[in-house]
Amino acid sequence: MKYDDNNIFAKILRGEIPCKKIYEDDYVLSFHDINPQKKIHALVIPKGKYIDLDDFNAKASDKEIVGLMKGISIVAKKLGISLDIGKGYRTLSNLSEHGGQEVPHLHFHLFGGEKVGRMVE
Ligand code: 5GP
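A brief structural summary. Predicted model only: the values in this text are computed from it and were never measured.

Before going further, it helps to examine the pattern of salt bridges. Enumeration according to the criterion identifies six salt bridges in this entry. Between D5 and K49 there is a salt bridge; the shortest N-O distance is 3.0 Å. Taken together, the residues span a long stretch of sequence, with D5 in the segment before α1 (8-13) and K49 in the loop between β3 (40-46) and α2 (53-59) at a distance of 44 residues. Exposure remark for K49: the relative accessible area of 53% places this residue in the exposed category. The residue E24 makes a salt bridge to K47 at a minimum N-O spacing of 2.7 Å.

In C-alpha cells, the structure reads:
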C-alpha cells in the first residue's frame, strides 16, 4: 500500500487543516483528537510519511523511532498524565482493517485524565 498524501493527518502536518496542538519537535506533532473518547484523548504522529507501525518500523531511521517513542512520553508529561506527575494513561496504535485504523498515517492515541476502562471492548 502506498502512503496517501491526502490523508487528514498529512493535511494537518502541512498546516492545511487546523489542530489543537499540544507539542511539536523535529520528529513528532501532537494534538487533541477531534472526537475525544476519554477526558484526555491526544494523538502523537511522526512527521515522516508512514502508514502504520509496521511501515514505520520497516522504513524509519533509528532517530525517527526514538523521536516518536520519546515524543509519547513528552506529550504525556505535558498533559499531566505521566506517572511522575499524574495517574497514568493508555497508549495504543491501530493497524489497518482488523485494528480499526481510520487514518492511514501512523498515530498513537493517548487516553487519560480518568480510568480508561477495559482494554478491548
Ligand atoms: P484511528 O481509528 O485511525 O486509530 O484513529 C483516528 C483518529 O483520528 C480518531 O480518533 C478520530 O477522531 C481522529 N481524527 C479524524 N479526523 C481528525 C481531524 O481532522 N482532526 C483531529 N484532531 N482528529 C481527527
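Structure shown, so let's carry the discussion forward.
What follows is about the sheet that holds strand β4 (residues 89-92). In a beta sheet, neighbouring strands pair by backbone hydrogen bonds and run either parallel or antiparallel. In space, the five strands of this open sheet follow the order β1-β2-β3-β5-β4, with antiparallel pairing throughout. This sheet does not close on itself; its edge strands, each paired only once, are β1 (21-24) and β4. Recorded for the sheet is a direction-independent mean angle of 20 degrees between the axes of neighbouring strands. Note: β3 against strand β5 (residues 108-112), five bridges, orientation antiparallel. Across the sheet, the residue bridging to L43 is H109, located in β5. Each of β1, β2 (28-32), β3, β4 and β5 is contacted by helix α3 (residues 62-79), which is oriented at about 155 degrees to β3, the strand it contacts most.

A separate point is the nonpolar core. If you look at the biggest cluster of nonpolar residues, it comprises 18 residues, and the most contacted ones within it are V44, L68, V75, L79 and L110. Secondary structure elements with two or more residues in this core: β1, β3, α3 and β5. Of all the elements, α3 adds the most residues to this core, at five residues. Each residue touching V44, except ones within four places of it in the same chain, is listed here: V28, L29, S30, L68, G71, I72, V75, L106, H107, F108 and L110.

Let's shift gears to the site of the ligand. Near the ligand you find 17 residues, and of these D33, N94, E102, H107 and H109 are the closest. Here H32 contributes a backbone N or O atom positioned 2.9 Å from a nitrogen atom of the ligand. Here a nitrogen atom of the ligand and a backbone polar atom of I34 are 3.3 Å apart. Protein chains bury 85% of the 530 Å² of accessible surface belonging to the ligand in isolation. In a pocket analysis with a 2 Å cut-off to the grid points, the ligand is assigned to the largest pocket. Those elements giving two or more residues to the shell around the ligand turn out to be α1, β2 and β3. Here the shell around the ligand gets three residues from one element, more than from any other, and that element is α1. Of the residues that constitute the shell around the ligand, the class distribution is seven nonpolar, eight polar and two charged.

Cut-off values and rules
- Residues numbered from 1 in each chain as written.
- Predicted model: local features only at pLDDT ≥ 70, side-chain atom pairs only at ≥ 80, totals over all residues.
- Heavy atoms only, no water.
- Salt bridge = Lys/Arg side-chain N within 4 Å of Asp/Glu carboxyl O.
- Helix = DSSP H or I, 4+ residues; strand = E, 2+ residues; numbered from the N terminus.
- Buried < 20%, exposed > 50% of the residue type's maximum accessible area, 1.4 Å probe, protein only.
- Pairing = 2+ DSSP bridges.
- Axes fitted to C-alpha atoms, helices over the stretch in contact; angles between N-to-C directions.
- Contact = heavy atoms within 4.5 Å.
- Core = buried A, V, L, I, M, F, W, Y, C linked by side-chain atoms within 4.5 Å.
- Near = heavy atom within 4 Å.
- Polar contact = N/O pair within 3.5 Å; in protein donor to acceptor, adjacent residues only side chain to side chain.
- Areas by Shrake-Rupley, 256 points an atom, 1.4 Å probe, with all protein chains shown as cover.
- 1 Å grid on protein atoms, 1.4 Å probe; cavity = no way out; pocket = protein on both sides within 12 Å on 5 of 7 lines; lining within 4 Å.
- Sits in = over half its atoms within 2 Å of the grid points.
- Nonpolar A, V, L, I, M, F, W, Y, C, P; charged D, E, K, R; others polar.

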